[in-house]
Amino acid sequence: MNTPRIDQLLKFLSANPKDSFVRFALALEYDKLGNEEKTLAYFEEIRNDDPDYTGTYYHLGKLYERLNNKESALNTYKEGLKRTVGKDDKNYRELQEAMNQLLYDE
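Numbering of residues starts from 1 in each chain and follows the order in which that chain's sequence is written. Where local features are concerned, this predicted model is filtered to residues with pLDDT of at least 70; where side-chain atom pairs are given and counted, the filter is 80 or more; whole-chain, interface and lining totals use all residues. Side-chain measures were taken over the full set of non-hydrogen atoms in the model, leaving aside hydrogen atoms and water.

Chemist: Teacher, can you tell me more about the nonpolar core here?
Modeler: The tendency in soluble globular proteins is for nonpolar side chains to be buried side by side. What we call a nonpolar core is a set of buried Ala, Val, Leu, Ile, Met, Phe, Trp, Tyr and Cys residues that are connected through their side-chain atoms within 4.5 Å. Using a 1.4 Å probe on the protein chains alone, a residue whose accessible area is under 20% of its type maximum counts as buried, one over 50% counts as exposed, and one in between counts as partly exposed. Counting residues in hydrophobic clusters, the biggest one holds 25 residues, and the most contacted among them are Leu26, Tyr42, Phe43 and Tyr77. Each helix is a run of H or I in the DSSP string that is no shorter than four residues. Each strand is a run of E no shorter than two, and both are numbered from the N terminus. Listing elements by their share of this core, those giving two or more residues are α1 (4–15), α2 (20–32), α3 (36–49), α4 (55–66), α5 (70–84) and α6 (89–105). Ranked by residue count, the leading element in this core is α2, at six residues. The criterion used for residue contact is that any of the two residues' heavy atoms lie within 4.5 Å. Setting aside residues up to four positions removed in sequence, Leu26 forms contacts with Ile6, Leu9, Leu10, Leu13 and Tyr42.

This is the structure:
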C-alpha cells in the first residue's frame, strides 16, 4: 500500500535512483506504515551506496533492534560512530546513546 507521499518519492527516485535523501525519506515512510522489509532494504542500500549519509545509522540500528538483531544493531551503531566522529556531533551523540542503551539493556 502506497501513500501519495510515497508515490511522489518514488517518482523522484525514478528520476535519480541513487539519491540518498529520497531513499532515506522512503525508508521513513515505509517505517511509518510498518513495512520493515522495504524500510530495511532502503536503509541498507543507502549504507552500502553512500556510507557517509550518517542519518541512516541511527534509524537502521533501531530497526535492527526491533527485528531482535542486536548484533547488527550494535555493528551499525559502531560504524555510524566511526563515520560521525569529529564531523557530526548531533548524530554521534544519538548513536552513542542508542548503543549505550542497547548494551545496558542486555
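Chemist: Just to check I follow, could you spell out the pattern of salt bridges for this structure?
Modeler: Where charged atoms from two side chains of opposite charge approach closely, those side chains can pair. Any Lys or Arg side-chain nitrogen located within 4 Å of an Asp or Glu carboxyl oxygen qualifies as a salt bridge. Scanning the entire structure with this criterion turns up ten salt bridges. With a shortest N-O distance of 3.7 Å, Glu65 and Lys62 are connected by a salt bridge. Linking Glu65 with Lys62, this pair stays in helix α4, spanning three residues, or about one helical turn. Judged by relative accessible area, Glu65 falls into the partly exposed class, the value being 22%. Taking the relative accessible area as the measure of exposure, Lys62 reaches 25% and is therefore partly exposed. Put simply, Lys18, Arg23, Glu45 and Asp49 are held in one network by salt bridges that share partners.

Structural measurements only, silent on function.
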